[in-house]
Amino acid sequence: MATNIQAIRGIHDILPEQTPRWFAVESVMREVLNGYGYQEIRLPILEKTELFKRSIGEVTDIVEKEMYTFEDRNGESLTLRPEGTAGCLRACLEHGLLHNQVHRLWYCGPMFRHERPQKGRYRQFYQLGVETYGMAGPDIDAEIILLTDRLWRRLGIRDKLELQLNTLGSIEERLIYREKLVDYFSAHLDKLDEDSQRRLNTNPLRILDSKNPAMQTIISAAPELIDHLGTESREHFQAIRTMLDNLGVQYTVNTRLVRGLDYYSKTVFEWVTDELGAQGTVCAGGRYDNLIAQLGGKPNFAVGFALGMERLLALLELLTDLPETPTVDVYLIRMGNDAELAGLKLAEAIRDAIPNLKLLMNCSGGSFKSQFKKADKSSAQYALVLGEDEMLRGEVGIKSLRTDADQQNIPLADVITYLKQHALP
Ligand code: ATP
Ligand code: MG
């Protein structure tokens, strides 16, 4: 016998019982994003490898070891997108959307990273991405933080998340700081793990990001970037803080927050929770003014974030009072050849008249008993019954499946009116 083929490790299915919750979260997201005037952009999943190398940076976890890269049949190197920022920018540059324009965009879809699969860390996972272009001031940084704050409040999880904020300054400031950091870590070379020794010459800031417990003492004594910032970067950061303070959004300044991607400048932030174990970052973002020029565009301003959908859903699952979404309103039972055809017609007529009613028609026959069983399992409020007796009388039986009320029969012509009055959720 042939063996079953299983999904790829770290790549999971979202089953029908889970999709209502995804849909509910996505609906809230759309509403919140609409409320701030953000527009949806739909982007390809496959891009040229070069795009990610140039944007994310050669010496990052993603590009060094996490990308799904392959040669297509023409020998061109392609990569399944590990994140959305690069592709979004590529699309906007390609279509001239960045020329003297301001944009607020979002997308939602799968990303791919070859990481070690574990709870909250998958090889295919979904992100909501938000990107804004063309705005230099700190108010847009604050706006996208407020937007995420509103999203948590709408979803009822604000108290589970903490906002961490930091600034990375400009490239020039970071270069000066980088030298200080290299000096510092070089003086403690024996205390660095293998990864960090390698990073010392390629990307020393990432050492600060190390999760290795043995490294934490040496990291916490390292010089801090915030002490090496110029006036403009300081003022930008302070302005965001003032806005958040005034709006009552609580945050912690975390000077060790550097983010895994190279393209950030000035603001970086993360929304973290301690309820999901090690995979506690639900949403992360910041300003990335350098990336547009890095990808060949005219220098311009950009701020964005990405939100891990699985981690958000996992957080929501911890809530006890989640609304159960019934999947069906009415279940149509048919018995006998004439009733099968009449029932099919009736079902179509009901769908014409009440498009938002969820009507499930029993297919492939079965006894009354087994059809009623399926009706009961379907979560429908009502069963419509069309058997030979009902056909002879030109009637339809209506049975409430969630109360003890007896079945009642009504004229076929009255079914739609009855359902409009009783069966709509
Ligand atoms: P982490 O530190 O957890 O690896 P990251 O810095 O690589 O995260 P980003 O690239 O900033 O993450 O992606 C933004 C968000 O996407 C993360 O905060 C997280 O919620 C989610 N995310 C990232 N990688 C994965 C993954 N492999 N599986 C599930 N969600 C992920
Ligand atoms: Mg990662």
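Structure: above.
A brief report on the enclosed structure follows. (Residues numbered from 1 in each chain as written. Chains lettered and ligands numbered in written order. Predicted model: local features only at pLDDT ≥ 70, side-chain atom pairs only at ≥ 80, totals over all residues. Heavy atoms only, no water.)

Helices and strands together make up the secondary structure of the protein, namely 15 helices and 16 strands. Here the C-alpha radius of gyration of the protein, 28 Å, is well above what a compact globule of 425 residues would show, namely 22 Å. Overall, the protein is about 95 × 60 × 45 Å in size when its C-alpha atoms are taken along their principal axes. Going through the 425 residues of the protein one by one, you find that 48% of them count as buried. Treating the 50 positive side-chain charges of the protein as one cloud and the 60 negative ones as another, the clouds have centres 1 Å apart. (Helix = DSSP H or I, 4+ residues; strand = E, 2+ residues; numbered from the N terminus. Rg over C-alpha atoms; globule rule 2.2 N^0.38 Å. Buried < 20%, exposed > 50% of the residue type's maximum accessible area, 1.4 Å probe, protein only. Lys, Arg positive; Asp, Glu negative; His and termini not counted. Charge placed at Lys NZ, Arg CZ, Asp CG, Glu CD.)

Turning our eyes to something else, we now look at the nonpolar core. Within the largest apolar cluster, 46 residues are counted, with the highest numbers of intra-cluster contacts made by Ile 41, Leu 89, Tyr 133, Phe 185, Leu 208 and Tyr 288. Listed by contribution, the elements that provide at least two residues to this core are helix 2 (49-56), helix 3 (61-66), helix 4 (85-94), strand 5 (103-112), strand 6 (124-133), helix 6 (171-186), helix 8 (216-220) and helix 10 (291-294). Beyond its immediate chain neighbours, meaning those up to four positions away, Leu 208 contacts Tyr 177, Leu 181, Phe 185, Ile 219, Ala 222, Arg 256 and Val 258. Among the nonpolar cores identified, the runner-up in size contains 43 residues, and Trp 106, Ile 145, Phe 237 and Leu 244 belong to it. (Core = buried A, V, L, I, M, F, W, Y, C linked by side-chain atoms within 4.5 Å. Contact = heavy atoms within 4.5 Å.)

Tallied over the entire structure, the rule returns five aromatic pairs. Both rings, one in Trp 22 and one in Tyr 126, keep their centres 5.3 Å apart while their planes meet at 70°; by these two values the pair is edge-to-face. Here the residue Trp 22 occupies a position in helix 1 (residues 19-35), and Tyr 126 occupies one in strand 6, the gap between them amounting to 104 residues. Looking at Trp 22, the relative accessible area reads 10%, which means it is buried. The class for Tyr 126 is partly exposed, based on a relative accessible area of 24%. Geometrically, the ring pair formed by Trp 152 and Trp 271 is edge-to-face, given 5.7 Å between the ring centres and 75° between the ring planes. Linking Trp 152 in helix 5 (residues 138-155) with Trp 271 in strand 9 (residues 267-272), this pair joins segments that are 119 residues apart in sequence. The residues Trp 152 and Trp 271 share a single accessibility class, namely buried. (Phe/Tyr/Trp six-rings, centres within 6.5 Å; stacked < 30°, edge-to-face > 60°.)

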